[in-house]
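Per-entry structural report
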Amino acid sequence: MKIRLPSSGLEVCPGKVLCIGRNYAAHAAEMQSDLPESPVIFLKPSTALVGDGGDVLLPSASREVHYEVELVAAIGKPGKHIPVSDALAYVDGYALGIDVTARDLQARAKRGGLPWSVAKGFDTFAPLGAFTPACDIPDPRRLRIALHANGVLRQQGAVARMLFGVDELVAYASSIFTLLPGDLIYTGTPEGVGPVEDGDRLVATGTDLQELAVTARRL
Ligand code: MG
């Protein structure tokens, strides 16, 4: 899937979909996970991306797929070892995303000390909305994000409650990976994650962000 970076107008295929785990204390608690001392990073393949209005395909390999609403930052220019103080200048835009997770497969992986790539990486497991230019969101900490499933409010959170802010995540990620235009960072989910069933309508909303709606379909 190509994305359009709102500030530069550049159309790019995201090379990296970086995702942050346990970035809200209340979600870490509901997962019975310890709080991390540094950001927990995993990656999804770009083939997991699906745009607004698309379908989330529930794979037969899982019986328990969950939604996780997240703020997504798109990188606008190349960077490595970016200082925290300069990090927001590398963000081109912000969007809503859903980190779709096969929770049963993730739990099995956790028990075995195995990677999360399968649990997180199925096709369509990374719904992504349209981007708002970063210049319209000078301080992402003031954003709020929410998720409705079939019209019922299931998740809401203040980005200010993230353990590691967008600036810290960009800086940390760039200490490991060279960040390139179009790379995405799914910044973690607040509490209230829950199951997705066949036919469910998931709608993500947020302050100054463009609504993202997807429908779940069982394969
Ligand atoms: Mg997540």
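These remarks concern the structure in this document. What you see is a predicted model; the values in this text were computed from it and never measured.

Our next topic: the overall build of the protein. Broken down by element type, the protein carries 4 helices and 18 strands. Rg of the C-alpha trace for the protein: 16 Å, near the compact-globule value of 17 Å for 219 residues, within the 12% margin. Along the longest, intermediate and shortest principal axes, the C-alpha atoms of the protein span 40 × 35 × 30 Å. Looking at the protein as a whole, 53% of its 219 residues qualify as buried. Residue pairs in contact within the protein that sit at least 24 positions apart in sequence constitute 77% of those at least 6 positions apart. Here the protein has roughly 9,300 Å² of accessible surface; of this, 51% comes from carbon and sulfur atoms. Placing the 21 positive and 25 negative side-chain charges of the protein at their respective mean positions leaves the two points 3 Å apart.

Attention now goes to the pattern of salt bridges. When the charged atoms of two side chains lie near each other, side chains of opposite charge can form a pair. Scanning the entire structure with this criterion turns up 8 salt bridges. Across the pair Glu68 and Arg103 runs a salt bridge, and its minimum N-O distance is 2.8 Å. Of this pair, Glu68 sits in the loop between strand E7 (65-67) and strand E8 (69-75) while Arg103 sits in helix H2 (residues 103-112), placing them 35 residues apart in sequence. With a relative accessible area of 4%, Glu68 lands in the buried category. Through salt bridges with shared partners, a single network forms among Lys44, Glu68, Asp99, Arg103 and Lys120.

This part covers the coordination of the magnesium ion. Here the magnesium ion is held by Glu68 (OE), Glu70 (OE) and Asp99 (OD), and the distances to it run 2.0 to 2.1 Å. All donors to the magnesium ion come from one chain, and their sequence spacing reads E-x1-E-x28-D. On the basis of relative accessible area, Glu70 is assigned to the buried category, the value being 0%.

A word on the pairing of strand E14 (residues 152-158). In this sheet, E14 lies alongside strand E13 (residues 144-149) in antiparallel orientation, the contact comprising 6 bridges. Counterpart to Ile145 in the pairing with E14 is Gly157. What sits between E13 and E14 in their antiparallel hairpin is a turn of 2 residues, with Asn150 showing a positive phi close to 50°.

The rules behind each value
Residues numbered from 1 in each chain as written. Predicted model: local features only at pLDDT ≥ 70, side-chain atom pairs only at ≥ 80, totals over all residues. Heavy atoms only, no water. Helix = DSSP H or I, 4+ residues; strand = E, 2+ residues; numbered from the N terminus. Rg over C-alpha atoms; globule rule 2.2 N^0.38 Å. Buried < 20%, exposed > 50% of the residue type's maximum accessible area, 1.4 Å probe, protein only. Contact = heavy atoms within 4.5 Å. Areas by Shrake-Rupley, 256 points an atom, 1.4 Å probe, with all protein chains shown as cover. Lys, Arg positive; Asp, Glu negative; His and termini not counted. Charge placed at Lys NZ, Arg CZ, Asp CG, Glu CD. Salt bridge = Lys/Arg side-chain N within 4 Å of Asp/Glu carboxyl O. Donors = N, O, S within 2.8 Å, 3.2 Å for Na, K, Ca; no water. Pairing = 2+ DSSP bridges.

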